[in-house]
Amino acid sequence: MKLHRLEITAFGPFAGHEVVEFDQLNEAGVFLLNGETGAGKTSVLDAICFALYSSAPTTVAMGGRKPVHSDHAEPDTAPLVELEFSSGGRRWCISRSPAWSKPSSRAASGWTELHAKVLLREWVDGQWLERGHRPDEVGQTIEHVIGLNREQFTQVMMLPQGRFAQFLRAGSKEREKLLETLFGTDIYPRIQQELKDRAANSQAELDALRVEQQRDLERVTQMDAQFGEVIGGLPSGTVTIPRSPSHGAGAESAEDSTTVSERELDDAPAEHQPVTVTDLCERLSTAAGNWTPPAKRFRSGRSEPRTGLGNWLSGFRTSSATID
């Protein structure tokens, strides 16, 4: 935020029309408001805060009852404060008049009460465009443009006299909130909370996978035992391995070995005859018909029988090749 121009009329100790050109002072970088007690140094700061937020640190400290219309001005001179400033690359001008009493010959009391007025304008393409005249909407716009409310502005931008020690003695929570708003550090607590939430979700998923892994291991162990019982109940037989067409040298001897084995198998008893994959799967399915799988599945949490061993073996029934 940067101040450019301040105009004060019949406000505080200023009876007439006063103008402060801040652009000339800004060239020095740092400047000093100097004057005797009661010269109006604090009133300049009050005027800036009043133009932006409709109240000033001095008036708030006095309960808001201090009259802002100058006692030294003519009774019919309207009080007015106009501030021109820039913030966020945009130039603004706000004019604000407090509520005051104007002399009137028609009123029985001799005075007419006039309401407070405000006008906010923005410099766009070489001209001033009106952005609001209602106190509530102008107040919201100012807070959005500057990024501070009145309390934060008075604590950071223009700390009133006698309040500096109070700010230093403020609680850690109060100062933390103010500094977060001032320097935009409120994003870091949000990032920290987001990381905590993600870590908690990941840990919950990991725990669920570990439970599922343990249950799968138990099911595999049980299935392995059932397979052992099924295989142990099958009749024994003689199995030979045929000669591979890709074999080179020694193919003739392998063929002789195969022929001898086949002759031996032809003379072997029926229970020692070769079996096909289909026959083997049929026997396994029949033997496993009495196997009872686990009753529940982990993810669904409801009773849901798993696929039986016989159905699992059914995928192999398409092959009718003999196990040679």
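What you see is a predicted model, and the numbers here were worked out from it, not measured in a lab.

> Mind showing me how you'd approach the overall build of the protein here?
Per the secondary structure count, the protein includes 11 helices and 8 strands. Evaluated residue by residue, the protein yields a buried proportion of 26% over its 324 residues. When contacts within the protein are restricted to residue pairs at least 6 apart in sequence, those whose partners lie at least 24 apart make up 56%. Of the roughly 21700 Å² of accessible surface on the protein, a fraction of 52% belongs to carbon and sulfur atoms.

> Would you explain the sheet that holds strand β7 (residues 117-124) in this entry?
The strands making up a sheet associate through hydrogen bonds between their backbones, and the pairing can be parallel or antiparallel. Overall, antiparallel pairing links the 6 strands, which are arranged β2-β1-β3-β4-β7-β8 in an open sheet. In this open sheet, the two strands that pair with only one neighbour each are β2 (14-21) and β8 (127-132). Within this sheet the neighbouring strands show an average axis-to-axis angle of 20 degrees, counted without direction. Sheet topology note: the β7/β8 ladder contains 5 bridges and is antiparallel. By the bridge assignment, Val124 is partnered in β8 with Gln127. Across the sheet, helix α2 (residues 41-53) touches β1 (2-11), β2, β3 (80-87) and β4 (90-97), and the angle it forms with β1 is around 100 degrees.

> Would you take a moment to explain unusual backbone geometry for this structure?
Note: most residues except glycine have negative phi, and most peptide bonds are trans. Phi angles above zero are rare outside glycine, and Ala10 is one such case at about 50 degrees. If you trace the backbone, Ala10 turns up in strand β1. Located in the positive-phi region is Ser54, a residue other than glycine, with phi close to 65 degrees. Examined against the element boundaries, Ser54 turns out to sit in the loop between α2 and α3 (57-61). Taking the relative accessible area as the measure of exposure, Ser54 reaches 41% and is therefore partly exposed.

> Any chance you could explain the pattern of salt bridges here in plain terms?
Side chains that differ in sign of charge can pair as their charged atoms come close. The final tally for this structure, using the stated rule, is 11 salt bridges. Arg150 is paired through a salt bridge with Glu151; the nearest N and O atoms lie 3.2 Å apart. By relative accessible area, which is 17% here, Arg150 ends up buried. What makes Glu151 partly exposed here is its relative accessible area of 42%. Here Arg219 ties to Asp216 by a salt bridge, and the two come within 1.8 Å at their closest N and O atoms. Pair noted here: Arg219 and Asp216 are both in helix α8 (residues 187-232), with a separation of 3 residues, about one helical turn. When its relative accessible area of 31% is taken as the criterion, Asp216 is described as partly exposed. Ionic contacts of the salt-bridge type, sharing partners, join the residues Arg5, Glu7 and Glu21 into one network.

> Whenever I open this one, the confidence of the model for the protein confuses me. Can you help?
With 64% of its residues at a pLDDT of 70 or more, the protein shows a mean pLDDT of 75. Mean pLDDT per element in the protein: helix α9 (residues 251-266) is the minimum at 46, and β4 is the maximum at 96. Under a pLDDT of 50 for its full length, residues 246-261 has, in the predicted model, 7 contacts with residues more than four places off or in other chains. Counted against residues more than four places away or in other chains, residues 312-324, with its pLDDT under 50, gives 30 contacts.

> Whenever I open this one, the environment of Gln140 confuses me. Can you help?
By the secondary structure assignment, Gln140 is in helix α4 (residues 135-146). For the pair Gln140 and Tyr53, spaced 87 residues apart in the sequence, the C-alpha separation amounts to 9.8 Å.

> Is there a simple way to explain the packing of aromatic side chains in this structure?
For any pair of aromatic rings, the description consists of the separation of the ring centres together with the inter-plane angle of the planes. Evaluated as defined, the whole model comprises 4 aromatic pairs. Ring centres of Phe11 and Phe50 lie 5.4 Å apart, and the angle between their planes is 35 degrees; on these two criteria the pair is classed as tilted. Here Phe50 lies in helix α2 and Phe11 lies in strand β1, a separation of 39 residues in the sequence. What makes Phe11 buried here is its relative accessible area of 4%. Of the residues examined, Phe50 reaches a relative accessible area of 6% and is grouped as buried. Seen from the ring of Trp128, Arg121 lies directly overhead, with NZ or CZ sitting 5.5 Å from the centre.

Parameters at a glance
- Residues numbered from 1 in each chain as written.
- Predicted model: local features only at pLDDT ≥ 70, side-chain atom pairs only at ≥ 80, totals over all residues.
- Heavy atoms only, no water.
- Helix = DSSP H or I, 4+ residues; strand = E, 2+ residues; numbered from the N terminus.
- Buried < 20%, exposed > 50% of the residue type's maximum accessible area, 1.4 Å probe, protein only.
- Contact = heavy atoms within 4.5 Å.
- Areas by Shrake-Rupley, 256 points an atom, 1.4 Å probe, with all protein chains shown as cover.
- Pairing = 2+ DSSP bridges.
- Axes fitted to C-alpha atoms, helices over the stretch in contact; angles between N-to-C directions.
- Salt bridge = Lys/Arg side-chain N within 4 Å of Asp/Glu carboxyl O.
- pLDDT = per-residue confidence, 0-100.
- Phe/Tyr/Trp six-rings, centres within 6.5 Å; stacked < 30°, edge-to-face > 60°.
- Lys NZ or Arg CZ within 6 Å of the ring centre and 35° of its normal.

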